[in-house]
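An overview of the molecular structure
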Amino acid sequence: MRFVERALGVRLDYRPETLPVLDHYLEQARGATSERVEALPVVAHMAGVYFGEVIRRRHASWWRMDGEDPTYWQLEFESVHLAFSPVIFVREALSRGPGAEVGRDLAEDSLSGDPAALDLDEDDREVVAARLAELPQVSENEYYAPSTRLEVIDIALDAVRSRRLAAGEETDAALEPGDYERGDD
């Protein structure tokens, strides 16, 4: 938060409305971290944990902090089996090369299985992919913007809840950390 306030003169407060400020900061930091590689993990950890905390405060979820390295910490959601690593997502945003102006497919890329992708149950993956496929492609900058990723998560949660409602199921699960243990998904 101090990095962003010093760089941009704006104080972050964990509200989703602050994510466009983080988007702008990361775009500026991308150049700096490519020149000073040792700064990449520091900026990725700081921005990724802030981004994750914005999401955690918006949606019932918790951090899975396996080990000391925040890079591999994940957010796991209570209402839907959905997990992802905000720090890995931010690290990917910072370390990407120059990208095309358009052409990122939210469905394919957000669910691709790469380390920054969303981890969903297989049944839910299909409905989320179908919903995201209805959206237009986005630029590289938009794809890697935390504000866009928050929208993708919001859409994913809504798509799963809609599928459950249509099937006559409870729209929200009551998952706990043990439900995400390796081998249980």
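Right, let's walk through the structure included here. On a predicted model such as this, the values are computed, not experimentally measured, just so you know. Starting from 1, residues in each chain are numbered consecutively following that chain's sequence as written. Under the rules for a predicted model, residues below a pLDDT of 70 receive no local features and side-chain atom pairs below 80 are neither given nor counted, while totals for whole chains, interfaces and linings still include all residues. Processing note: side-chain calculations cover all non-hydrogen atoms of the structure and skip hydrogens and water entirely.

Note on conventions: DSSP H or I runs of at least 4 residues are helices, E runs of at least 2 residues are strands, and numbering of each starts at the N terminus. A count of helical and extended segments in the chain gives 8 helices and 4 strands. When the helices and strands of the chain are placed in sequence order, the string is α-α-α-β-β-β-α-α-β-α-α-α. Three labels apply to residues, based on accessible area from a 1.4 Å probe with only protein chains included: buried if under 20% of the type maximum, exposed if over 50%, partly exposed otherwise in between. In the chain, which comprises 185 residues, the share counted as buried stands at 46%. Sequence-distant contacts in the chain: of pairs separated by 6 or more residues, those separated by 24 or more amount to 64%. When the accessible area of the chain is evaluated, it comes to approximately 9500 Å², of which 49% is carbon and sulfur surface. In what follows, residue pairs with any heavy atoms lying within 4.5 Å of each other are defined as contacts. In short, Shrake-Rupley with a 1.4 Å probe defines the accessible areas, and a residue's cover is counted only from the protein chains shown.

Let us now look at helix H2 (residues 19-35). Helix span is expected to be 1.5 Å times the residue number reduced by one. Its 17 residues give H2 an end-to-end C-alpha distance of 24 Å, which sits within 8% of 24 Å, the value for a rise of 1.5 Å per residue. Here the bend at each residue means the angle between axes fitted to two seven-residue stretches, the one ending at that residue and the one beginning there. Within H2, the axis deviates most sharply at Ala 29, by approximately 30°. Buried within H2 are the following residues: Leu 19, Leu 22, Asp 23, Tyr 25, Leu 26, Ala 29, Arg 30 and Thr 33.

Take the pattern of salt bridges next. The term salt bridge refers to a pairing of a side-chain nitrogen on Lys or Arg with a carboxyl oxygen on Asp or Glu at a separation within 4 Å. Counted by the stated rule, this structure contains 16 salt bridges. Taking the shortest distance from any N to any O, the salt bridge between Arg 64 and Glu 76 comes out at 2.7 Å. With Arg 64 in strand S1 (residues 61-64) and Glu 76 in strand S2 (residues 74-77), this pair connects stretches of sequence that are 12 residues apart. Arg 125 serves as the salt-bridge partner of Glu 122, at 3.9 Å between the closest nitrogen and oxygen. Taken together, the residues span about one helical turn, with Glu 122 and Arg 125 both in helix H6 (residues 122-133) at a distance of 3 residues. For Arg 125, a relative accessible area of 18% translates into the label buried. Several salt bridges share partner residues, and in doing so they unite Asp 124, Arg 163, Arg 164 and Glu 169 into one network.

In S1, alternate side chains face the same way, and those of Ser 61 and Trp 63 on one face and Trp 62 and Arg 64 on the other are all buried. Whether two strands pair depends on DSSP finding at least two bridges between them. Pairing of S1 with S2, which is carried by 4 bridges, proceeds in the antiparallel orientation. Bridging across to S2, Trp 63 finds its partner in Leu 75.

Structurally, Val 43 can be placed in helix H3 (residues 40-58). Assessed through its relative accessible area of 8%, Val 43 is described here as buried. Note: C-alpha distance between Val 43 and Arg 91 (48 residues apart in sequence) is 8.2 Å.

This next bit is on the packing of aromatic side chains. Working definition: rings of Phe, Tyr and Trp (its six-membered ring) pair if their centres are within 6.5 Å, and the pair is stacked with planes under 30 degrees apart, edge-to-face with planes over 60 apart, and tilted otherwise. Enumeration over the complete set of coordinates arrives at 7 aromatic pairs. Measuring from ring centre to ring centre gives 6.3 Å for Trp 63 and Trp 73, while their planes differ by 70°; the resulting arrangement is edge-to-face. Here Trp 63 is found in strand S1, whereas its partner Trp 73 is found in the loop between S1 and S2, with 10 residues between them in sequence. Ring-pair connections join several aromatic residues into one group, and the members of that group are Phe 51, Phe 84, Phe 89, Tyr 143 and Tyr 144. Distance and angle both matter: a charge sits over a ring if NZ of Lys or CZ of Arg is within 6 Å of the ring centre and within 35 degrees of the ring normal. A cation over an aromatic ring shows up here: Arg 57 above the ring of Tyr 14, its NZ or CZ 3.9 Å from the ring centre.

This paragraph deals with the environment of Val 80. With respect to the helices and strands, Val 80 occurs in the loop between S2 and strand S3 (82-84). For Val 80, a relative accessible area of 0% corresponds to the buried category. Along the primary structure Val 80 and Ser 61 are separated by 19 residues, whereas in three dimensions their C-alpha atoms are 9.6 Å apart. Contacts of Val 80, omitting those with residues within four sequence positions, involve Leu 120, Asp 124, Leu 157, Val 160, Arg 164, Leu 175 and Tyr 180.

Now for helix H4 (residues 86-95). Taking burial as the measure, the 10 residues of H4 include 7 buried ones, the bulk of the element. Within H4, the full set of buried residues consists of Pro 86, Val 87, Ile 88, Phe 89, Val 90, Ala 93 and Leu 94.

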